[in-house]
Amino acid sequence: MGWVRRLPVTKRERLRPRLADSMLTIALSKGKMLDLTLDVFRRAGYALGSLSTESRRLVFPCPEIGMTFLVVRPTDVPTYVEYGAADVGIVGKDVLMEQDSDVYEPLDLKFGACRIAVAALKGQASRDRLSSKIRVATKYPKITERYFNQRGVPVEIIKLYGSIELAPLVGLADRIVDLVETGNTLKAHNLVEVECIAQSTARLVVNRASLKLKHAVVTELIKKLRAVSSAPIGSRTAAPRKSSRGALRTVRRTHK
Ligand code: PRP
């Protein structure tokens, strides 16, 4: 389109794309992960002003740091980022594994650590050896299907949206595939972990076009978040030991 270059360009027009290129829209996972995410941004030096987990607001413009934050369901974060409604997102690896979204995943933020595991009622943990089809209740049907398919175990998957541990207790399923962090919920329901499918932590994801069009600001964000994510507890860039531990106790996982 050579003719575009011949049009006179005003100073305002020259500035507009540069300004747009320097603004980032960031999708944050609401729920248990939000406090830890805000803590990481603050430690990275971003002044988040009124952004608070108590608020019912969903959009938080922070023009002074060139960012607008969206607070969305964890399972929606990859969609916002993939379609470019957000340039960047923070979401659990468990969600990314389940959704196979076309996003760039440059950084493990290392908080919200938990695992995706198979569990069964105590005393029934050997039923995987049987050839008959087993019923598995889960929030993660794709991860579950992949896992059992790879092992040649025939399964019927029952999709649930929460309180997965209930399913074996009432005879709805033989197994569950769910997040485990402390293991307390399993224990409280007489369940035992049979196998760990994968580890999960919070990840930074980036829209592929934003990575090119907003390269400078995206790479600066990655650099700053990487610095605080890899810093050992107690180092100058890490959170004070007490608050970090407290956050880990309160915010147990990467999805909700
Ligand atoms: C998650 C997960 C387990 C529990 C595991 O549930 O689905 O139920 O946490 O944590 P633990 O190993 O530390 O006990 P969540 O609280 O997100 O609610 P949900 O069951 O409604 O999904």
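## Side note on the packing of helix α3 (residues 34–43) against helix α10 (residues 215–229)
Then step 1. Running from amino to carboxyl end, α3 crosses α10 at an angle of 105°, the nearest separation of the two axes being 9 Å. With respect to α10, the axis of α3 lies roughly perpendicular. Contact with α3, carried on its side by Val40, Phe41 and Arg43, involves Leu221, Leu225 and Val228 of α10 and no other residues of that element.
Then step 2. Of the residues that constitute the contact of α3 with α10, the class distribution is 5 nonpolar, no polar and 1 charged.

## Some details on a nonpolar patch on the surface
Then step 1. A cluster of nonpolar side chains, namely Leu166, Leu169, Val170 and Leu172, defines an oily patch on the protein surface of about 340 Å² accessible area.
Then step 2. Residue placement: Leu166 occurs in helix α7 (residues 166–169).
Then step 3. Residue class for Leu166 comes out partly exposed when judged on its relative accessible area of 48%.

## Description of the nonpolar core
Then step 1. Grouped together as the largest cluster of nonpolar side chains are 33 residues, with contacts concentrated most on Phe41, Phe69, Leu204 and Leu221.
Then step 2. Counting residues per element, the ones that place at least two in this core are β1 (24–29), α3, β2 (59–62), β3 (67–72), β4 (88–92), β11 (202–206) and α10.
Then step 3. Take this core: its biggest share by element is 6 residues, from α10.
Then step 4. Leu221 has contacts with Leu24, Ile26, Phe41, Tyr46, Met67, Val88 and Leu204, leaving out every residue within four places of it along the chain.
Then step 5. Judged by nonpolar contacts, the second largest core, of 15 residues, contains Cys114, Ile134, Ile143 and Val153.

## Quick notes on the pattern of salt bridges
Then step 1. The tally for this structure, following the rule as stated, stands at 10 salt bridges.
Then step 2. The residue Arg146 makes a salt bridge to Asp100 at a minimum N-O spacing of 3.4 Å. With Arg146 in helix α6 (residues 141–150) and Asp100 in the loop between α5 (93–99) and β5 (104–108), the pair connects residues that are 46 residues apart, well separated along the chain.
Then step 3. The class for Asp100 is exposed, based on a relative accessible area of 54%.
Then step 4. Of the charged contacts, one joins Lys224 and Glu220 as a salt bridge, the two residues approaching to 3.3 Å between their closest N and O atoms. On the criterion of helical spacing, the pair formed by Lys224 and Glu220 is a turn pair, its members being 4 residues apart in helix α10.
Then step 5. Exposure remark for Lys224: the relative accessible area of 31% places this residue in the partly exposed category.
Then step 6. Assessed through its relative accessible area of 39%, Glu220 is described here as partly exposed.
Then step 7. Because the salt bridges share partners, they merge into one network encompassing Lys93, Glu105, Asp108 and Arg203.

Cut-offs applied
- Residues numbered from 1 in each chain as written.
- Predicted model: local features only at pLDDT ≥ 70, side-chain atom pairs only at ≥ 80, totals over all residues.
- Heavy atoms only, no water.
- Axes fitted to C-alpha atoms, helices over the stretch in contact; angles between N-to-C directions.
- Helix = DSSP H or I, 4+ residues; strand = E, 2+ residues; numbered from the N terminus.
- Parallel < 35°, antiparallel > 145°, perpendicular 65-115°, else oblique.
- Contact = heavy atoms within 4.5 Å.
- Nonpolar A, V, L, I, M, F, W, Y, C, P; charged D, E, K, R; others polar.
- Patch = residues over 30% accessible without salt bridge, like charges linked within 9 Å, V, L, I, M, F, W, Y side chains within 5 Å.
- Areas by Shrake-Rupley, 256 points an atom, 1.4 Å probe, with all protein chains shown as cover.
- Salt bridge = Lys/Arg side-chain N within 4 Å of Asp/Glu carboxyl O.
- Buried < 20%, exposed > 50% of the residue type's maximum accessible area, 1.4 Å probe, protein only.
- Core = buried A, V, L, I, M, F, W, Y, C linked by side-chain atoms within 4.5 Å.

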